[in-house]
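Here is how the chains run, residue by residue.
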Amino acid sequence: MAESTQLQQAQLATILGPDPAPFETLISHLMASANEQRSQAELLFNLCKQTDPDSLSLKLAHLLQFSPAQEARAMSAILLRKQLTRDDTYLWPRLSPNTQSTLKSILLSCIQREEVKSISKKLCDTISELASGILPDNGWPELLPFMFQCVSSDSPKLQESAFLIFAQLSQYIGDSLVPYIKELHTVFLQCLSSSTNSDIKIAALNAVINFIQCLTSSGDRDRFQDLLPAMMRTLMESLNNGNEATAQEALELFIELAGTEPRFLRRQIVEVVGSMLQIAEAESLEEGTRHLAIEFVITLAEARERAPGMMRKLPQFISRLFAILMNMVLDIEDDPSWHTAETEDEDAGESGNYSVGQECLDRLAISLGGNTIVPVASEQLPAYLAAPEWQKHHAALIALAQIAEGCSKVMIKNLEQVVAMVLNSFQDPHPRVRWAAINAIGQLSTDLGPDLQVQYHHRVLPALASAMDDFQNPRVQAHAASAVLNFSENCTPDILTPYLDGIVSKLLVLLQNGKQMVQEGALTALASVADSSQEHFQKYYDAVMPYLKAILVNATDKSNRMLRAKSMECISLVGMAVGKEKFRDDAKQVMEVLMSLQGSQMETDDPTTSYMLQAWARLCKCLGQDFLPYMSVVMPPLLQSAQLKPDVTITSADDNSDVDDSDDDSMETITLGDKRIGIKTSVLEEKATACNMLCCYADELKEGFFPWIDQVAPTLVPLLKFYFHEEVRKAAVSAMPELLLSAKLAIEKGLAQGRNETYIKQLSDYIVPALVEALHKEPDTEICANILDAINECIQISGPLLDESQVRSIVEEIKQVITASSSRKRERAERTQAEDFDDEERELIKEENEQEEEVFDQVGEILGTLIKTFKASFLPFFDELATYLTPMWGKDKTPEERRIAICIFDDVAEQCREAALKYYDTFLPFLLEACTDESPDVRQAAVYGLGVCAEFGGTVIKPLISVALSRLNVVIQHPNALQPDNIMAYDNAVSALGKICQYHRDSIDAAQVIPAWLNCLPIKGDLIEAKVVHDQLCSMVERSDGDILGPNNQYLSKIVQVFAEVLCAGKELATEQTASRMINLLKQLQQTLPPQTLASTWSSLQPQQQLALQSILSS
């Protein structure tokens, strides 16, 4: 070891010594393609860096300045930049002041001397990197004066370099440039207006656009408005000079501006968008250029958060853009290989134009919405459908399918025209048009469902069935089968059942077809039809299952992998649909096959694995506890899939070497800062599937899942923060309460291998804090709501085991959630103030706010659970939360927020009783006011709360009883009180009135109020309150309460009538105990009442009630 260190010391001395050759050799080895040589050089380079950073930096600078070899100069610029990047290996602070000032001056002299353009650019990167670290603290005072000097020099090379550095500094440290805004404006304007050199103008354009993006005040941005015409001219000139490469760079900069600062373009939007559409329409230009111009306009349309509604104000442009996109979708040829293709995703004959046009129609419709796009489409599409060329019919159908998602609400209103357009083309002579029509029906079934299914099943399903007979065109057949899948996914069994005979028999014919693509389509369709028709599928089971098993057993070679995978999916879905009894015998055989496959070696890209994981889980759902013996086979590979490490490659974002594989479907790339992260999607999909399946097993097997918890919990808990994939996080979140419940049930039922309650405590201590921490970091609103829901379930399962610090952390997190949610709503409210804000935007904001309600709902649920679990000991936390909750009672809040705030108080009053009396002064005025809220849900929560306060409020609520009565009376006497929307509020008001009669009789006029209450009975909407109220009535009659029986028992017949209705409703309106007490009371009445009273009481009942009562009383 000592020898090697000595050897290295000697090597370092040589490399950093006076002779330049050894250092040059080291640098050339760093660029070597041989791994061995390169890693040896890297080791030495890093040693130099650790032991003598000053010499190393000066050596690199010397190379940069004097080496005749271009590669060496380029490499030293790159290496210097890496040493000056502020990361773990930041070198600058370790250098002596002397070295620092030498480096700064060498860099500035190199930029003046370097003749090779690519090296100049690398030098600009190095200077910008260093400056962004030291300029803000005035560590390079001579840099900016030097750059302004370069800009006004007569050297084009220096002008371009200065702008390149300005552009990067605006990105890194824009704040430090803002003081120079006046000088920069002058320099930019001068260059864009008068320079003749296109490279300089593009560099200046880059600098302007980056600088505008770093300005935070709109006043500052407006100062640059007068540059926009010159910026656009730069673009147009480069096109007119045939310099399209330059124009494309400029377009990419404009696209960036449209995405981040669309409002900057607003005043001149007509000119800017007009020019862009001109470029898109110019057939003499390259496709790439025209596509970028379209991308710019679409990006503006998508810039909803920053400039809502701006593009909708330009209808003439939208119509032009739509026409351009339609024209692109025409660019398709009838390639013979499309017809003979082996797989559905073969897109022979489709051009680059075609796919860009298709994608942009979709994006345009989603960003502008149906009210804007549908009128344009209905103006342009009929001409396409009437034209003789098949390409035009094809284009119209493709366009309909593409705009459906964004225009769904408006298209649903015009379903007849839409469906007729598509179904007419089912008869088209050209197979690719028929394919496109089927494709449109599939897409519309997804986007316009279930309306389409409900209204048009009688036209759509027969059309798809006849398309399955097109044996000349297997692609049309296969696609028809896939469309059956889309149609049935949004379909109820009652719609599907009448068509099953025809569809299932056709699909069976297709299953025996020679074309694998057709068989796969048929399998997926059968699976989906079975899943949608559930038990109605039983009658086809015996005909279908043998074919499915045959494919599973025989499709064994590599070319059939997908077919076999789909047969697993189909078998397991059919099994779930028909149920355990019917499926049991076949299930055993199928599981044998799956077990043997499980043991075999599979290639990494084999789809079987993920299909198999899902099939096992469905078999488990179907067989329930009978599945337990198979768990030891299923779990090991499942855990392995759930533990897959994401296959991540990290490159620097400006490294273009890997751009060519960016359209590879199997990779997904995210750019974070200056790193580009590529992730293999198939790995993520498999991981997500596996996590979902673990969740299924825990949910289905309950205590039977106990033996696996020790392996599953440590696998899934870390995945709560797996930010590469939402599905993985969602699955991990849902599994948490399932795992706790499984442990709890296993211990209660004595199946826990000797473990006791301390195990639940350990598990809960592991899971709950992890969920709370995940909530803190979760970026997605929907998943936040899921996490809150999971925390709530966990508290319900293991609540009393939580310790105070855990409760505190949950409460702190709830404060965060409420604050974050309020600020998101505030941002949305600000968006409504934008100049072009319109109804479409209002609709979209409403949808975003509804997602927010979901979060508030869960907050209410959790607090309710904590209050129920800890009762009065939770109140100190409740006091802390009061400042967050009280604003939710405000009139400016949504009904849902008000309802949640009221429910939380109701819970406190009900669970904490005496301890909650101190809050009555604050909350009762709110509660009384909310009894007449326009929202029935708010009214329900408020009147329920009054009932709770009447029951537990004692003397505190006494003074308010008469106000409470009048408020309840308003709800009960409301003319529409018994309509479905209002019935729950009515029932709860009746229940609250009953509690006032029970606990505050001395404060009311009982002879009037109690008969009024009796008159409202029975209540039938809120089944929980119904049981309480009817029990209360029973008790009052049992103790012969004079107010309820009335003078001379005059209310008896009403009481008997209520009892009759309650008893005739079975178990819904009363508990068994209450019902038997009612029967006893009725029997007593039969014996004690005078016959004529009894007769008149009976006669007031309806005939069927009389019969029912007689049979109940005689039994």
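Residues numbered from 1 in each chain as written. Predicted model: local features only at pLDDT ≥ 70, side-chain atom pairs only at ≥ 80, totals over all residues. Heavy atoms only, no water.

Draft legend 1. Highlighting the overall build of the protein chain. Of the regular secondary structure elements, the protein chain holds 54 helices and 3 strands. Along the three orthogonal principal directions, the C-alpha set of the protein chain runs to about 125 × 75 × 70 Å. Across the 1115 residues of the protein chain, 55% fall into the buried class. For the protein chain, the share of sequence-separated contacts (at least 6 apart) that also reach a separation of at least 24 residues comes to 72%. In the structure as shown, the protein chain presents an accessible area of about 48,400 Å², 51% of it carried by carbon and sulfur atoms. (Helix = DSSP H or I, 4+ residues; strand = E, 2+ residues; numbered from the N terminus. Buried < 20%, exposed > 50% of the residue type's maximum accessible area, 1.4 Å probe, protein only. Contact = heavy atoms within 4.5 Å. Areas by Shrake-Rupley, 256 points an atom, 1.4 Å probe, with all protein chains shown as cover.)

Draft legend 2. Here's a closer look at the environment of Arg38. When you line up the elements, Arg38 lands in helix α3 (residues 35-51). We classify Arg38 as partly exposed; its relative accessible area is 27%. With 10 residues separating them along the chain, Arg38 and Ser28 place their C-alpha atoms 9.0 Å apart. When sequence neighbours within four positions are dropped, the list of residues in contact with Arg38 reads His29, Leu30, Ala32 and Ser33.

Draft legend 3. Expanded view of the nonpolar core. By size, the foremost hydrophobic cluster in this structure holds 404 residues, and its most contacted members are Phe163, Met231, Phe627, Tyr697, Phe705 and Phe874. Element by element, the count of residues in this core is highest for helix α21 (residues 390-413), at 13 residues. In this view, Tyr697 contacts Leu613, Trp616, Ala617, Cys620, Phe627, Met631, Val634, Met635, Leu638, Lys702 and Phe705; residues no more than four positions away in its chain are not counted. (Core = buried A, V, L, I, M, F, W, Y, C linked by side-chain atoms within 4.5 Å.)

Draft legend 4. Representation of the packing of aromatic side chains in the model. Overall, the coordinates contain 23 aromatic pairs when judged by the stated rule. Between Phe706 and Tyr759, the ring centres sit 5.4 Å apart and the planes meet at 65°, which makes this aromatic pair edge-to-face. Of this pair, Phe706 sits in the loop between α34 (681-701) and α35 (709-716) while Tyr759 sits in helix α37 (residues 757-777), and the two are 53 residues apart along the sequence. The class of Phe706 is buried, set by a relative accessible area of 2%. Ring geometry for Tyr919 and Phe923: centres 6.5 Å apart, planes at 55°, overall tilted. Phe923 matches Tyr919 in its accessibility class, with the two residues each being buried. Members of the aromatic cluster, connected to one another through ring pairs, are Phe878, Trp889, Phe905, Tyr919, Tyr920, Phe923 and Phe926. Here the guanidinium or amino end of Lys687 rests over the ring plane of Phe722, the centre of that ring lying 5.1 Å away. (Phe/Tyr/Trp six-rings, centres within 6.5 Å; stacked < 30°, edge-to-face > 60°. Lys NZ or Arg CZ within 6 Å of the ring centre and 35° of its normal.)

Draft legend 5. Looking closely at the pattern of salt bridges. Under the defined criterion, the tally for this structure stands at 59 salt bridges. Notably, a salt bridge pairs Asp626 with Lys580, separated by 3.3 Å at the nearest N-O pair. Highlighted residues: Asp626 in the loop between α32 (608-623) and α33 (631-642) and Lys580 in helix α31 (residues 580-599), separated in sequence by 46 residues. According to the relative accessible area criterion, Asp626 is partly exposed, its value standing at 36%. Between Lys702 and Asp699 there is a salt bridge, with the nearest N and O atoms lying 3.3 Å from each other. Overall, the relative accessible area of 28% leaves Asp699 in the partly exposed class. Sharing partners across several salt bridges, the network here consists of Glu295, Glu302, Glu359 and Arg363. (Salt bridge = Lys/Arg side-chain N within 4 Å of Asp/Glu carboxyl O.)

Draft legend 6. Inspection of the packing of helix α41 (residues 875-885) against helix α42 (residues 895-912) at higher detail. Their axes nearest at 12 Å, the elements α41 and α42 cross at an angle of 160°. When the axis of α41 is compared with that of α42, the two are roughly antiparallel. Here the hand of the crossing between α41 and α42 comes out left-handed. Contacts from Leu875, Phe878 and Leu885 in α41 reach Ala901, Ile904, Val908 and Cys912 in α42. Across the contact of α41 with α42, the residue classes tally to 7 nonpolar, no polar and no charged. (Axes fitted to C-alpha atoms, helices over the stretch in contact; angles between N-to-C directions. Parallel < 35°, antiparallel > 145°, perpendicular 65-115°, else oblique. Left-handed = near helix turned anticlockwise from the far one by under 90°. Nonpolar A, V, L, I, M, F, W, Y, C, P; charged D, E, K, R; others polar.)

Draft legend 7. Representation of the packing of α42 against helix α44 (residues 936-952) within the structure. One can describe the packing of α42 onto α44 by two numbers: an axis separation of 9 Å at closest approach and a directional angle of 15°. On the basis of the axis angle, α42 is roughly parallel to α44. At the point where α42 passes α44, the crossing takes the left-handed sense. Only Asp937, Val938, Ala941, Ala942, Tyr944, Gly945, Val948, Cys949 and Phe952 of α44 make contact with α42, whose side of the interface consists of Pro895, Arg898, Arg899, Ile902, Cys903, Phe905, Asp906, Ala909 and Glu910.

Draft legend 8. Spotlight on the side chain of Arg363. One can find Arg363 in helix α19 (residues 352-368). We classify Arg363 as buried; its relative accessible area is 15%. Filtering out sequence-adjacent residues up to four positions away, Arg363 remains in contact with Glu295, Ile298, Thr299 and Glu302.

Draft legend 9. Just the environment of Tyr456, in detail. With respect to the helices, strands and loops of the structure, Tyr456 is situated in helix α24 (residues 451-467). We classify Tyr456 as buried; its relative accessible area is 8%. Apart from the residues within four sequence positions on either side, Tyr456 is in contact with Leu415, Glu416 and Val419.

Draft legend 10. Structural detail: the layout of surface pockets. Here the second largest pocket is characterised by a volume of approximately 1,400 Å³. Within the residue set of the lining of the second largest pocket, elements represented by two or more residues are α25 (474-489), α28 (516-533), α30 (561-578), α31, α32, α33 and α34. Broken down by element, the residue count for the lining of the second largest pocket peaks at 6 residues, all from α32. Residue classes in the lining of the second largest pocket are distributed as 13 nonpolar, 17 polar and 14 charged. (1 Å grid on protein atoms, 1.4 Å probe; cavity = no way out; pocket = protein on both sides within 12 Å on 5 of 7 lines; lining within 4 Å. Points joined across faces, edges and corners; volume = space filled by probe spheres on them.)

Draft legend 11. Fine view of unusual backbone geometry. Backbone torsion omega between Gly449 and Pro450 reads -5°, so that peptide bond is classified as cis. Position of Pro450 among the secondary structure elements: in the loop between α23 (431-447) and α24. Residue Leu1017 is joined to Pro1018 through a cis peptide bond whose omega torsion reads -5°. Along the chain, the position of Pro1018 falls in the loop between α48 (1006-1015) and α49 (1023-1038). Although it is not a glycine, Gln753 adopts a positive phi angle of roughly 50°. Structurally, the position occupied by Gln753 is in the loop between α36 (726-748) and α37. Of the residues examined, Gln753 reaches a relative accessible area of 58% and is grouped as exposed. You will see that Asn1048, though not glycine, has its phi angle at about 55°, which is positive. Residue placement: Asn1048 occurs in the loop between α50 (1042-1045) and α51 (1052-1064). The class of Asn1048 is exposed, set by a relative accessible area of 79%.

Draft legend 12. Fine view of the environment of Arg618. Along the chain, the position of Arg618 falls in helix α32. Along the sequence, Arg618 and Ala401 sit 217 residues apart, while their C-alpha atoms lie 32 Å from each other. Not counting the four nearest positions on each side in its chain, Arg618 is found in contact with Glu569, Ser572, Leu573 and Met576.

Draft legend 13. Looking closely at α44. The terminal C-alpha atoms of α44 lie 24 Å apart, and with 17 residues this matches the ideal 24 Å at 1.5 Å per residue to within 8%. For α44, the buried fraction is high: 12 of the 17 residues fall into the buried class. Taken as a whole, α44 has its buried residues at Val938, Arg939, Ala941, Ala942, Val943, Gly945, Leu946, Gly947, Val948, Cys949, Ala950 and Phe952. For α44, the elements touching its buried residues are α42, α43 (920-930), α45 (954-957), α46 (961-973) and α47 (983-999). Where α44 ends, the next residue or the one after it, Gly954, has phi of about 50°, a positive value. (Expected span 1.5 Å × (residues − 1).)

Draft legend 14. Region of the structure containing the state of the cysteines. By the definition in use, this model includes 0 disulfides. The thiol of Cys360 is not disulfide-bonded; the next cysteine sulfur, from Cys407, is found 15 Å away. The class of Cys360 is buried, set by a relative accessible area of 2%. (Disulfide = S-S within 2.5 Å.)

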